[in-house]
Amino acid sequence: MRIGVVGAGMIGSTVAKLWTDAGHDVRLGTRHPAELQPLVETLGKRASAGTAAEAATFGEVVMLTVPLAAIPPLAPDLAPLLAGKVVLDTGNAYEKRDGASAREATSHPEGSAGWAAAMFPGARWVKAFNTVYFKVLTSEAHRTGDRVGIPLASNDPKALEIAATLVSDAGFDPVIVGPLARGKEFEPDTPPYNTGMSGRDLRKILKKTS
């Protein structure tokens, strides 16, 4: 599968490596693509770098992994490119970092993911990969026994299936929680957040609905 990753921070670069290892083609998008060449070289021949728009165009699925406050400036250019595509949103609202955007996102009825999704009409939005520290993603992928759980929420059942497959390919246990509004149950300051707990334990807390 072709996957675009908009944002090349710790989460984006970590999951990109797991996906290229699984045989997916990944294009990382950033404002300064040339600066990503050292990273691309470590990821191997299935990886490439470009602008955010190029990553969004390239991907059959696109991961959006940027600070919350960066989403509104990106939306006008990226929204037409993401219409109809599955978008994995890793965002979390941190008021100290994101200011007013964090306050708006937190108060949205569908949480920060719903707040972001509203700026991208037609995108098939999935809240994903927002609960686990990047070092845990690196060290615990494909572990034996109960795998680390990655909770997922979306209003699009087919998008959830695609997201679940990509979570599995990265070496984790996909936990489908339910509609996008339920993403509020695994945002910062909730029991599942930043714990690295297994999918088995996540299901007990989140009462998996599908």
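Before reading further, recall that the structure is shown in the block above.
What counts, and where the lines are drawn
Residues numbered from 1 in each chain as written. Predicted model: local features only at pLDDT ≥ 70, side-chain atom pairs only at ≥ 80, totals over all residues. Heavy atoms only, no water. Core = buried A, V, L, I, M, F, W, Y, C linked by side-chain atoms within 4.5 Å. Buried < 20%, exposed > 50% of the residue type's maximum accessible area, 1.4 Å probe, protein only. Helix = DSSP H or I, 4+ residues; strand = E, 2+ residues; numbered from the N terminus. Contact = heavy atoms within 4.5 Å. Salt bridge = Lys/Arg side-chain N within 4 Å of Asp/Glu carboxyl O. Polar contact = N/O pair within 3.5 Å; in protein donor to acceptor, adjacent residues only side chain to side chain.

Chemist: Which residues make up the nonpolar core, and what values do they have?
Modeler: Counting residues in hydrophobic clusters, the biggest one holds 36 residues, and the most contacted among them are Trp19, Leu88, Val126, Phe129, Leu152 and Phe172. Examining the composition of this core, we find that 7 residues originate from one element, helix H9 (residues 157–170), more than from any other. When neighbours within four sequence positions are excluded, Trp19 is seen to be in contact with Ile3, Val5, His24, Val26, Met63, Leu88, Phe129, Leu166 and Ala170.

Chemist: Give a description of the pattern of salt bridges that names residues and reports values.
Modeler: Here the idea is simple: oppositely charged side chains can pair when their charged atoms come close. For the structure shown, the criterion picks out 13 salt bridges. For the salt bridge of Arg143 with Glu140, the shortest nitrogen-to-oxygen distance reads 3.1 Å. Put simply, Asp146 and Arg200 hold a salt bridge, and the shortest N to O gap is 2.9 Å. A residue pair is termed long-range when its members are at least 10 positions apart, and Asp146 in the loop between helix H8 (134–140) and strand S7 (149–154) and Arg200 in helix H10 (residues 199–206) qualify at 54 residues. On the accessibility criterion, Asp146 (38% relative accessible area) is partly exposed.

Chemist: Kindly report on the side chain of Thr65, identifying the contributing residues and their values.
Modeler: Its place among the elements puts Thr65 in the loop between strand S4 (61–64) and helix H4 (71–82). Assessed through its relative accessible area of 13%, Thr65 is described here as buried. A polar contact of 2.9 Å, which involves the side chain of Thr65, links it to the side chain of Thr90. Those residues in contact with Thr65 that lie beyond four places of it in its chain are Val5, Val6, Gly7, Ile11, Gly12 and Thr90.

None of this, on its own, says anything about what the molecule does.
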